Amino acid sequence: MAPRTRVDSFELDHTAVRAPYVRLAARYSGPAGDVVTKFDLRLVQPNVQEIATAPLHTIEHLLAGYLRDHLDGPVLVDASPMGCRTGFYLTVLGAPSEPSVLLAAVRALEAVRDHDGPIPGCSPERCGNWRDHSLHGAKAWAAEVLARGFVVQPTVALPDLDPNA
Ligand SMILES: [Zn+2]
């Protein structure tokens, strides 16, 4: 049996995007009027490259602080790695524009590239797989994706082949 709920990210044509990019993925309004916005922060080209788990994990630990430092105003609820290991999902309280999130992501990744010192939260008490980290790899990936240049990626939807799918 298939899930009954269709998922927005499965409607994106992953062959028609150009990474690295920021994409507005979804915006939700709660009953009290609060707005929550979800962005894709895609670091590498889908189905062409993927980031190994150790550097991706270290980027996650560093982005947790650096993205909060650089998002001016909206509250970052969560920045989680995509299972395909090509980027991160960003969940934000509020409705920041794509260019403002792009700028914050670039600033945060510059901080990852230039990070000096221990990896935040890298201990058996604070992390679920503390041995699976690579600071060297995280810094190298941050430098590489920054050199390629981030864009705002509009959603390119897949053609709706089967309305019941
Ligand atoms: Zn961890």
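Residues numbered from 1 in each chain as written. Predicted model: local features only at pLDDT ≥ 70, side-chain atom pairs only at ≥ 80, totals over all residues. Heavy atoms only, no water.

## So, the pattern of salt bridges
- Per the stated rule, a full pass over the model turns up five salt bridges.
- Residue arginine 23 pairs with aspartate 40 through a salt bridge whose shortest N-O separation is 3.0 Å. One end of the pair, arginine 23, is in strand β1 (residues 21-29); the other, aspartate 40, is in strand β2 (residues 35-42), with 17 residues separating them in the sequence. The same class applies to arginine 23 and to aspartate 40, which are both buried.
- Across the pair arginine 42 and aspartate 40 runs a salt bridge, and its minimum N-O distance is 4.0 Å.
- Residue classification places arginine 42 among the buried positions, given a relative accessible area of 2%.
- Residue class for aspartate 40 comes out buried when judged on its relative accessible area of 2%.
- Each of Arg23, Asp40 and Arg42 takes part in salt bridges that share partners, so that together they form one network. (Salt bridge = Lys/Arg side-chain N within 4 Å of Asp/Glu carboxyl O. Helix = DSSP H or I, 4+ residues; strand = E, 2+ residues; numbered from the N terminus. Buried < 20%, exposed > 50% of the residue type's maximum accessible area, 1.4 Å probe, protein only.)

## Looking at the coordination of the zinc ion
- Note on the zinc ion: its protein donors are His57 (NE2), His61 (NE2) and Cys127 (SG). The metal-donor distances range over 2.1 to 2.2 Å.
- Sequence positions of the donors to the zinc ion reduce to the motif H-x3-H-x65-C. With histidine 57 and histidine 61 both in helix α1 (residues 53-70), this residue pair falls four residues apart, about one helical turn. (Donors = N, O, S within 2.8 Å, 3.2 Å for Na, K, Ca; no water.)

## A word on helix α3 (residues 135-148)
- A rise of 1.5 Å per residue sets the reference length of α3, with its 14 residues, at 20 Å; its end C-alpha atoms lie 20 Å apart and thus fit the reference within 8%.
- Every buried residue belonging to α3 is among Gly137, Ala138, Trp141, Ala142, Val145 and Leu146, and all of these are buried. Looking straight down α3, one finds that the buried residues subtend no more than 160° of arc, so they occupy a single side. Every exposed residue of α3 that faces more than 90 degrees away from the buried side is listed here: His136 and Ala147. (Expected span 1.5 Å × (residues − 1). Arc of directions from axis to C-beta.)

## Examining α1
- Taking 1.5 Å as the rise per residue, α1 with 18 residues should run 26 Å; its terminal C-alpha atoms sit 25 Å apart, in good agreement.
- Listing the buried residues of α1 in full gives Ala54, Pro55, Leu56, His57, Thr58, Ile59, His61, Leu62, Leu63 and Leu67.
- Its buried side turned inward, α1 meets β2, β3 (75-81), β4 (87-93), α2 (98-113) and α3. (Contact = heavy atoms within 4.5 Å.)

## A closer look at the side chain of threonine 37
- Tracing the sequence through the fold places threonine 37 in strand β2.
- When its relative accessible area of 0% is taken as the criterion, threonine 37 is described as buried.
- A polar side-chain atom of threonine 37 sits 3.0 Å from a polar atom in the side chain of arginine 27.
- In contact with threonine 37, not counting residues within four places along its chain, are Leu24, Ala26, Arg27, Leu90, Thr91, Val92, Gly94, Ala95 and Pro96. (Polar contact = N/O pair within 3.5 Å; in protein donor to acceptor, adjacent residues only side chain to side chain.)

## With respect to a nonpolar patch on the surface
- Side chains of Val75, Val77 and Leu93 sit close together on the surface and give an oily, nonpolar patch of about 240 Å² of accessible area.
- Position of valine 75 relative to the elements: it lies in strand β3. (Patch = residues over 30% accessible without salt bridge, like charges linked within 9 Å, V, L, I, M, F, W, Y side chains within 5 Å. Areas by Shrake-Rupley, 256 points an atom, 1.4 Å probe, with all protein chains shown as cover.)

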